Amino acid sequence: MASLKYSRQRESIKEFLMTRTDHPTADVVYENMKLIYPNISLGTVYRNLSLLADIGEIRKLSSFDGADHFDGRTEQHCHFMCNRCHKIIDMESSGIDHIVDIAGRDFDGEITDYNASFFGLCEDCMKETKNKE
């Protein structure tokens, strides 16, 4: 593969994602990048997000509320999505590493990674529900 040409815009997108824990959509990334690069196009943001995800510099989270979200944190971790407010929260995954062993018992290949997502109500939504009771 040819080396990737440096891009200030791509680097800014990556840096922006690394400062966030809320897993923004491409539209949120675009709105924030326009503050730095007023002439940036939505297509440029989408292409750079796709490229960064393809080369493993960020993670693309699909199937959450119909929109792709992006995560600057690339080390192994799980995600929780609130069914009510659709907030995505990072979860540490060290306690579930044994699932890879269980999944591999009846599998002839080699499992090298996993992607786990959990769904339910976040703490804020649970509090809101209790306050309405």
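Everything that follows concerns the structure shown earlier in this document.
In this report, the structure presented in the accompanying data block is examined. In this text the structure is predicted, and so the values were computed from the model without any measurement.

**Some thoughts on the packing of helix 1 (residues 8-18) against helix 3 (residues 42-54)**
Where helix 1 meets helix 3, the closest approach of the two axes is 10 Å, and the angle between their N-to-C directions is 70°. By the angle class used here, helix 1 and helix 3 are roughly perpendicular. Helix 3 is crossed by helix 1, and the crossing has right-handed handedness. In this structure, helix 1 contributes Gln9, Arg10, Ile13, Lys14 and Leu17 to the contact, and helix 3 contributes Thr44, Val45, Asn48, Leu49, Leu51 and Leu52. Residues belonging to the contact of helix 1 with helix 3 are distributed by class as follows: six nonpolar, three polar and two charged.

**Looking at the sheet that holds strand 4 (residues 88-91)**
Strand order across the open sheet formed by three strands is 4-3-5, with mixed pairing between neighbours. Either end of the sheet is taken by a strand with one partner, and the two such strands are strand 4 and strand 5 (117-120). Strand after strand, the sheet turns through a mean of 25° between neighbouring axes, direction not considered. Two strands pair when backbone bridges link them, and strand 3 (residues 78-82) and strand 5 are joined in this way by four bridges, in the parallel orientation. Paired with Met81 across the two strands is Phe119, which belongs to strand 5.

**What to know about the environment of Ile102**
By secondary structure assignment, the location of Ile102 is in helix 4 (residues 98-104). Separated by 36 residues in sequence, Ile102 and Gly66 have C-alpha atoms that sit 30 Å apart.

**A few points about helix 3**
When the terminal C-alpha atoms of helix 3 are compared, their 18 Å separation across 13 residues agrees well with the 18 Å that a helix rising 1.5 Å per residue should span. When helix 3 is considered as a whole, its buried residues turn out to be Thr44, Val45, Asn48, Leu49 and Leu52. Angular distribution of buried residues about the axis of helix 3 spans 130°; they occupy a single face of the element. When the buried face of helix 3 is taken as reference, the exposed residues oriented beyond 90 degrees from it are Arg47 and Asp54. Packing partners of the buried residues in helix 3 comprise helix 1, helix 2 (26-36) and strand 2 (67-71). Gly56 occupies a position one or two residues after helix 3 and carries a positive phi of about 80°.

**Comments concerning the nonpolar core**
A general tendency of soluble globular proteins is for nonpolar side chains to be buried together. Ile13, Leu17, Val29, Val45 and Leu49 are the most contacted members of the largest nonpolar core, which totals 14 residues. The set of elements that each furnish at least two residues to this core consists of helix 1, helix 2 and helix 3. Counting residues per element, this core draws most heavily on helix 2, at four residues. Here Leu49 is in contact with Ile13, Leu17, Ala26, Val29, Ile58 and Phe70, once residues within four sequence places are set aside.

**Remarks on the environment of Arg59**
Considering the arrangement of structural elements, one finds Arg59 in strand 1 (residues 59-64). In this structure the C-alpha to C-alpha distance between Arg59 and Cys82, which are 23 residues apart in sequence, comes to 19 Å. In contact with Arg59, not counting residues within four places along its chain, are His69, Phe70, Asp71, Arg73, Thr74, Glu75 and Gln76. For Arg59, the side chain forms a polar contact with the main-chain oxygen of Thr74, separated by 3.1 Å.

Criteria and cut-off values
- Residues numbered from 1 in each chain as written.
- Predicted model: local features only at pLDDT ≥ 70, side-chain atom pairs only at ≥ 80, totals over all residues.
- Heavy atoms only, no water.
- Axes fitted to C-alpha atoms, helices over the stretch in contact; angles between N-to-C directions.
- Helix = DSSP H or I, 4+ residues; strand = E, 2+ residues; numbered from the N terminus.
- Parallel < 35°, antiparallel > 145°, perpendicular 65-115°, else oblique.
- Left-handed = near helix turned anticlockwise from the far one by under 90°.
- Contact = heavy atoms within 4.5 Å.
- Nonpolar A, V, L, I, M, F, W, Y, C, P; charged D, E, K, R; others polar.
- Pairing = 2+ DSSP bridges.
- Expected span 1.5 Å × (residues − 1).
- Buried < 20%, exposed > 50% of the residue type's maximum accessible area, 1.4 Å probe, protein only.
- Arc of directions from axis to C-beta.
- Core = buried A, V, L, I, M, F, W, Y, C linked by side-chain atoms within 4.5 Å.
- Polar contact = N/O pair within 3.5 Å; in protein donor to acceptor, adjacent residues only side chain to side chain.

Read these as geometric descriptors, not functional statements.
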